[in-house]
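Each chain, written out:
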Amino acid sequence: MKTEKLKIALQKSGRLSEDSMNLLKKCGIRFTNGLGKLRAETENFPLEIYFLRDDDIPEYVADGVADIGIVGENVLAETEKSVEIIEKLNFGKCRLSLAVPKNFDYRSVKDFEGKRIATSYPNILRRFFAANNVNAEIHTISGSVEIAPSIGLADAVCDLVSSGSTLFTNGLREVETVLNSEAVLVSHTALNADLQAVLDKFLFRIKAVKAAEQNKYILLNAPNEKLEQIIEILPGIKSPTVMPLAETGWSSVHSVINENDFWEIVEALKNTGAEGILVLSIDRMIQ
Ligand code: ATP
Ligand code: ZN
């Protein structure tokens with residue numbers, strides 16, 4: 001019997017496109033995506049790719065036209081479609097923030113009372129103001145939100161920010177975070193058993209890619225009398241590997257450390273007397 005294909009919706013062209021396609025490639029899935037094509041078939045995994053506008057992805061997945069999709073949490077929260085969040089993907093990180101012109105004397109969220117706010121995220125913003133007991137006038141515009149105050153269309157904006165440079169160049173100052181967002185894998189709420197099996201296989205690969213990106217392989221040489229201290233610093237998947245060096249009294253220690261603790265661990269190791277510390281990227285990591 002032929003395996004049923006899992007249909008995945010990806011952003012056609014935009015900030016999530018490249019990372020989404022790279023994730024598939026790192027999962028070992030080969031496909032050809034001709035420029036301007038709306039659909040791609042994969043060669044070595046039962047997946048069929050649809051390239052869509054990001055705003056349409058939650059609806060396609062909710063309706064079952066696509067089985068799964070990759071989309072920003074911001075878009076999900078705005079559209080309020082019923083889909084299941086399967087996995088956070090660690091890219092497309094941004095926040096939805098309120099920002100005011102530099103000369104706005106801002107003290108608290110109450111300062112938005114009665115003000116006109118331009119945004120492409122009216123639903124999220126409405127909920128935020130309701131939770132904060134603020135009555136503001138929300139003006140929904142579909143793009144170039146950041147110029148609204150300078151052309152007199154609004155008193156403030158609520159827009160997506162990553163570095164903050166767009167706000168800065170438009171004379172705006174970020175004052176409140178409304179929502180933190182990253183790309184997530186979403187799924188239709190009721191997949192049949194065959195499709196669920198394909199999704200599980202895909203998810204297993206995604207987790208291996210994510211784990212590899214979040215961890216580093218570390219090797220170092222240590223004088224034997226310091227081994228106990230060094231092992232204390234290194235967590236490892238189970239525990240570090242220790243092997244004797246050709247030179248007596250010394251050992252080689254191998255372990256895996258989390259990207260986030262990286263510098264602190266390396267400094268602590270150096271202070272303990274570790275030498276020849278090597279840190280390597282991990283290709284895939286199966287936990
Ligand atoms: P489309 O044509 O598909 O509708 P778009 O213009 O709405 O594209 P993009 O600007 O490509 O969307 O952004 C897609 C997603 O990337 C956003 O919804 C958000 O989740 C994420 N993102 C990450 N950083 C930023 C940022 N600095 N500004 C905007 N979006 C960001
Ligand atoms: Zn969009």
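You'll find the structure just up there.
The notes below deal with the structure included here. (Residues numbered from 1 in each chain as written. Chains lettered and ligands numbered in written order. Predicted model: local features only at pLDDT ≥ 70, side-chain atom pairs only at ≥ 80, totals over all residues. Heavy atoms only, no water.)

**Things to note about unusual backbone geometry**
Phase 1: Its identity is not glycine, yet N90 carries a phi of approximately 70 degrees, on the positive side.
Phase 2: For N90, the position within the fold is in the loop between β5 (84-88) and β6 (94-101).
Phase 3: Judged by its relative accessible area of 31%, N90 is partly exposed.
Phase 4: The phi torsion at N133 lies on the positive side, around 55 degrees, for a residue other than glycine.
Phase 5: Residue position: N133 is located in the loop between α4 (122-131) and β8 (137-140).
Phase 6: Residue classification places N133 among the exposed residues on the basis of a relative accessible area of 61%. (Helix = DSSP H or I, 4+ residues; strand = E, 2+ residues; numbered from the N terminus. Buried < 20%, exposed > 50% of the residue type's maximum accessible area, 1.4 Å probe, protein only.)

**What to know about the sheet that holds strand β3 (residues 47-52)**
Phase 1: If you walk across this open sheet you meet the six strands as β2-β3-β1-β4-β11-β5, and the pairing is mixed. Both outer strands of the open sheet, β2 (39-41) and β5, are each paired with one neighbouring strand and no more. The average angle at which neighbouring strand axes cross in this sheet is 25 degrees, direction not considered.
Phase 2: With two bridges joining them, strand β1 (residues 6-11) and strand β4 (residues 68-72) adopt parallel strand pairing. Following the sheet pairing, I8 is matched in β4 by I68.
Phase 3: Sheet contacts for helix α1 (residues 17-26): β1, β3 and β4; angle to β1, the most-contacted strand, approximately 145 degrees.
Phase 4: Together, β1, β4, β5 and β11 (183-187) form the strand contacts of helix α6 (residues 193-214), whose direction differs from that of β5 by roughly 30 degrees. (Pairing = 2+ DSSP bridges. Axes fitted to C-alpha atoms, helices over the stretch in contact; angles between N-to-C directions. Contact = heavy atoms within 4.5 Å.)

**Regarding the sheet that holds strand β7 (residues 116-119)**
Phase 1: Strand order in the open sheet formed by five strands is β8-β7-β9-β6-β10, and the pairing between neighbours is mixed. Every other strand in the sheet has two partners, leaving β8 and β10 (172-181) as the edge strands with one partner each. Taken over all neighbouring pairs, the strand axes of this sheet differ in orientation by 25 degrees on average, direction set aside.
Phase 2: Summarising the sheet, β7 and β8 pair through four bridges and their orientation is parallel. Along β8, the bridge assignment pairs I117 with I138.

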